[in-house]
Amino acid sequence: MQMRKLVTMLCLSNACFLCAFPQLQKGEIDIANLPVAKDHYLSEYNFDHPVDSMRWLTEPAGLHVSFASSDQHYFRTEVPGVKENTDWQETGWKGERLNAMILVWSPDSLSQVRFTLHNLFNSKGAILSKSKIQIKLVRYVLSNYPYNATNVTCDVSPNKNGYLMPDRLEDFERFDLPGRTIRPVWLSINLPQGIEAGVYQGTIDVNTEKSHFVLKVHIKIQNQSLPKPHEWQYRLDLWQNPWIIAWYNHVEPWSVEHKVLLKKHLKLYADAGGKYITTYAVHSPWSDNSYSIEETMIEWVKQQNGSWKFDYNIFDQYVQLAMETGIDKAITIYTPVPWGNRFRYKDEKTGNYLYGVWPLGSTEFKNVWNVFLTDLRMHLQKKGWLEKTYLGINETTLEETMAAIKVIKEHSQKWKITYAGNWHHELDGLLNDYSFLYGYEPTADTLKAREARGATSTFYVCCNPPKPNDFLFSPPAEGRWLSWYSAARGYNGFLRWAYDAWPADPSRDARHTLWPAGDCFLVYPSGNSSLRFEKLKEGIEDYEKIMILRQMAIKSTNEKVKELLAELNTHLHSLISEHDFDTEKIMTELDKGRTIINRLSDEINR
């Protein structure tokens, strides 16, 4: 009887529970897990609000247009607070790309904002064609850190809020401007190699349905020429993941459609002077932590008789494609030291992929890698790529790195090796190319010794340090400053992971589950550049000009040239001890350095 009462009570209890919490239907999603649907696709998120909304009440009605510094950020719903300036003056070399930031803002909504470009003319009537002038809309992208953050970690962000940062560049014909917002517009002028030196002037018209504005442009073109990016000395190494292009665009990897997209995507890198082609000899070398993991370009197959064969089809396709775009100075193959010493291969007998864990000190690792290196060397020799190929190792411990190098060098002393990580004097003589993490670097004498024996040295930043860096939320000035630091330290260039390791929705949301926003990519889908990438390229052009001017100044007998060269070298040396990274200070340092370059350029040609 008691048992019957207990069962009855449990049934009643369950019935009450089901009434209070009804069961979901098949395929139903709990409302708490549903994303909020929007009426239209948003090209950028617009959920931000002004910190000081009262500022907009004091802004005069109608269109406001001004040139502004490209070294800092301006926020979508904040009054920009700049002294309005309609006159842009800049100096550059033939072959250089000059950039400017234009801000458009209004307390009330404006329709059909559009820009009209015109030719620029010098006093003799020579033309700087408007075809060399480009304008891009700057889109805002979601960050997991606020502007100029210093509490950055290489782990899950401590911030719960999102922050909109201007970064993605996009073609446009016209745009509407909602009231109480601003819109940055990126202006670029590509100075032709063969143009006559002198001052070129012209205008840019800015129109809306009801208003008209005129901006004035003055460009002084000096008599020096910057080589084409392919010939730049700077060794730029941005790691690529070609599969992510196929994934994002929903095309078959290595199809004709994929290669067309890849060419456009890689041209941005080539035009910035990209030197290294990133390739992968192992599947997913970095702990499966990219949103779209890096797949192997060389298929390892264990045959039924126990021997190994290697398929280089994808490797060859990608290297050839990159070389066709102008990236042809170096090939890096990653890596003998994948995460967890895990190596994927295909079992010919079953057709299944299997994983072998081969510790670096093991006989199995040495045996398999000896077979692979022999085969790889023969393939590279056949293709004519051996001399420009490096075996790449990344951020492994000294013990792991030494163990891998031992196997490689015992196979052949002719193998070139590149390593990115902290400075270790034990590795110095073993590495043909060494990229040091900023803050963990060798002495100036060590760098000179490396240069004397033909080894190259670069530096890199990643999810650390917080500053200097080129995160989505970093002041843009820091991106340009990085290459000034390369020149100051005597480095050959700069490395960054990564060029394009996109999260799920990179065009609108740069946040990653682990890393600071923007840490894992510098360019956007559809071959769109970014403020960060353009500022990095500005610094690289500065570096090239410094290297060229030094060589010219050394040969000069002009005492003023010698004085300016000494001033430039003193200024560069001051950057080595920079630790504060106050944005205003960085901007002042860059302005001073560029002024010295311009004065030195004029004096050499006087």
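Provided above is the structure to which this section pertains.
Now for a description of the structure that goes with this document.

What counts and what doesn't
- Residues numbered from 1 in each chain as written.
- Predicted model: local features only at pLDDT ≥ 70, side-chain atom pairs only at ≥ 80, totals over all residues.
- Heavy atoms only, no water.
- Phe/Tyr/Trp six-rings, centres within 6.5 Å; stacked < 30°, edge-to-face > 60°.
- Lys NZ or Arg CZ within 6 Å of the ring centre and 35° of its normal.
- 1 Å grid on protein atoms, 1.4 Å probe; cavity = no way out; pocket = protein on both sides within 12 Å on 5 of 7 lines; lining within 4 Å.
- Points joined across faces, edges and corners; volume = space filled by probe spheres on them.
- Helix = DSSP H or I, 4+ residues; strand = E, 2+ residues; numbered from the N terminus.
- Nonpolar A, V, L, I, M, F, W, Y, C, P; charged D, E, K, R; others polar.
- Contact = heavy atoms within 4.5 Å.

### A short note on the packing of aromatic side chains
- Under the counting rule described, the total for this entry stands at 54 aromatic pairs.
- In textbook terms, an aromatic cluster arises when at least three aromatic residues are bridged by ring pairs, as seen for Y419, W423, Y434, F436, Y438, F459, W481, Y485, Y491, F494 and F581.
- Directly above the aromatic system of F521 lies the positively charged group of R532, at a separation of 5.4 Å from the ring centroid.

### Focus on the layout of surface pockets
- What the largest pocket holds in volume is close to 700 Å³.
- Contributing elements (two or more residues each) for the lining of the largest pocket: β7 (133–143), β8 (163–170), β10 (181–190), α3 (256–271) and α10 (531–555).
- A class-by-class count of the residues in the lining of the largest pocket yields ten nonpolar, nine polar and 13 charged.

### Here's the deal with empty space enclosed by the protein
- The tally for this structure, following the rule as stated, stands at two cavities of 30 Å³ or more.
- The space that makes up the largest cavity amounts to roughly 40 Å³.
- Lining the largest cavity are N469, D470, F471, S474, P475, P476, G479, R532 and K535.
- Elements that contribute at least two residues to the lining of the largest cavity include exactly α9 (476–489) and α10.
- The class makeup of the residues in the lining of the largest cavity is three nonpolar, three polar and three charged.
- Residue lining of the second largest cavity: L447, R450, E451, A455, S457, G490 and N492, and that is the complete set.

### Some points on the environment of I244
- Within the fold, I244 resides in helix α2 (residues 243–249).
- Ignoring any residue separated from it by four or fewer positions in sequence, one finds I244 in contact with S292, D500, A501 and W502.

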